[in-house]
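# Secondary and tertiary structure notes
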Amino acid sequence: MSRLHTTLASVGEVAMHFGAALPQGPVHFARETTEGADGLVVFESRGRRLLRSMGWGFPRLTREMREHGDDPQRLGLVADLTNPMWEHMVVDPRYRCLIVLTHFANPDGAPGHKTRTWFSVKHAPVMAWAGFCRNLPDYGPVYAGMTMVANAAVMPTNDRMPVLLDPHDYDAWLHGGIRDVIGFQHRAPFAAERMVVEQTEDLWRSGKLPAKAQPQLALL
């Protein structure tokens with residue numbers, strides 16, 4: 001799936017939706033979140049849901065990258081739970097989180113002329129994506145989102161999509177065991193009929209956000 005999502009809701013509205021405590025001081029996050037940029041994340045600590053910004057993507061630096069003096073890559077998607085990068089973390093509920101978004105996007109069209117197609121969920125002005133987070137030395141708090149097979153609405157642009165959660169799934173994701181994690185990844189995706197598909201003529205690198213954002217925000 002693509003590496004672009006956005007949150008077009010206010011911090012207060014997000015905190016209310018998730019029943020999360022607001023952090024002290026301002027919360028800075030990118031309206032257009034790509035790997036390496038800051039997004040909004042809800043996690044639990046001592047029985048309380050907390051909201052904060054984190055960098056999207058865990059750093060990955062191979063030996064070859066070190067030899068060439070390259071910067072670490074940012075990996076923001078979790079597709080293979082058995083990958084050594086994830087396998088020890090995904091079993092521990094302490095590292096679960098809810099990634100906040102209102103839309104995610106995929107590139108659409110011919111190479112060199114790809115445009116943005118946005119996806120959201122009907123009657124869901126705020127969505128949660130099943131994620132993992134950790135506070136890393138030298139990088140601070142970072143997160144990544146788990147992916148699954150795409151539904152029919154998303155499939156024309158990508159064969160993978162985020163593991164989206166309904167509100168009644170939140171506790172099970174944050175507190176469940178590894179069988180629950182596997183179950184979320186391999187269950188049926190949200191039905192295509194639940195999705196809002198917004199095809200645009202905006203070029204993929206245009207930086208333009210969904211035009212239909214304001215009607216959705218009015219639902220909050």
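Described below are features of the structure shown in this document. (Residues numbered from 1 in each chain as written. Predicted model: local features only at pLDDT ≥ 70, side-chain atom pairs only at ≥ 80, totals over all residues. Heavy atoms only, no water.)

### Some remarks on the overall build of the protein
Helix and strand counts for the protein stand at five helices and 14 strands. Seen through its C-alpha atoms, the protein measures out along the principal axes to roughly 45 × 40 × 35 Å. By the burial criterion, 50% of the 220 residues in the protein qualify as buried. Across the protein, contacts joining residues at least 24 apart in sequence account for 69% of those joining residues at least 6 apart. Accessible surface for the protein amounts to roughly 11200 Å². Of this, 51% is attributable to carbon and sulfur atoms. Of the charged side chains in the protein, 23 are positive and 23 negative, and the gap between their average positions amounts to 3 Å. (Helix = DSSP H or I, 4+ residues; strand = E, 2+ residues; numbered from the N terminus. Buried < 20%, exposed > 50% of the residue type's maximum accessible area, 1.4 Å probe, protein only. Contact = heavy atoms within 4.5 Å. Areas by Shrake-Rupley, 256 points an atom, 1.4 Å probe, with all protein chains shown as cover. Lys, Arg positive; Asp, Glu negative; His and termini not counted. Charge placed at Lys NZ, Arg CZ, Asp CG, Glu CD.)

### So, unusual backbone geometry
The backbone of Arg46 shows a phi angle near 55°, a positive value even though the residue is not glycine. Looking at where Arg46 falls in the secondary structure, it is placed in the loop between strand S2 (38–45) and strand S3 (48–56). One non-glycine residue with positive phi stands out, namely His123, at about 60°.

### Remarks on the pattern of salt bridges
Under the definition given, this model contains eight salt bridges. Put simply, Arg116 and Glu32 hold a salt bridge, and the shortest N to O gap is 2.5 Å. Taken together, the positions of Arg116 in strand S9 (residues 115–121) and Glu32 in the loop between helix H1 (11–18) and S2 put the pair 84 residues apart, joining distant regions of the chain. Given a relative accessible area of 2%, Arg116 falls into the buried group. Lys208 is the partner of Asp202 in a salt bridge, and the nearest nitrogen-oxygen pair spans 3.9 Å. According to the relative accessible area criterion, Asp202 is buried, its value standing at 17%. Exposure remark for Lys208: the relative accessible area of 47% places this residue in the partly exposed category. (Salt bridge = Lys/Arg side-chain N within 4 Å of Asp/Glu carboxyl O.)

### Regarding the packing of aromatic side chains
Across all of its chains, the model carries seven aromatic pairs by this definition. A ring pair is formed by Trp56 and Tyr143, whose centres lie 6.3 Å apart and whose planes are at 5°; its orientation type is stacked. Taken together, the positions of Trp56 in strand S3 and Tyr143 in strand S11 (residues 140–149) put the pair 87 residues apart, joining distant regions of the chain. On the basis of relative accessible area, Tyr143 is assigned to the buried category, the value being 0%. Between Phe58 and Trp86 the ring centres are 5.3 Å apart and the planes differ by 85°, which places this aromatic pair in the edge-to-face class. Taken together, the residues Phe58 in strand S4 (residues 58–60) and Trp86 in the loop between strand S6 (77–78) and strand S7 (96–101) connect sequence positions 28 residues apart. As far as burial versus exposure is concerned, Phe58 and Trp86 are alike and both buried. Across from the ring centre of Trp204, 5.6 Å away, lies the NZ or CZ of Arg116, which sits over that ring. Sitting above the plane of the Tyr95 ring, Arg134 keeps its charged end 4.5 Å from the centroid. (Phe/Tyr/Trp six-rings, centres within 6.5 Å; stacked < 30°, edge-to-face > 60°. Lys NZ or Arg CZ within 6 Å of the ring centre and 35° of its normal.)

### Notes on the environment of Ser2
Along the chain, the position of Ser2 falls in the segment before strand S1 (5–6). For Ser2, a relative accessible area of 6% gives the class buried. The spatial distance from the C-alpha of Ser2 to the C-alpha of Thr102 is 15 Å, given a sequence separation of 100 residues.

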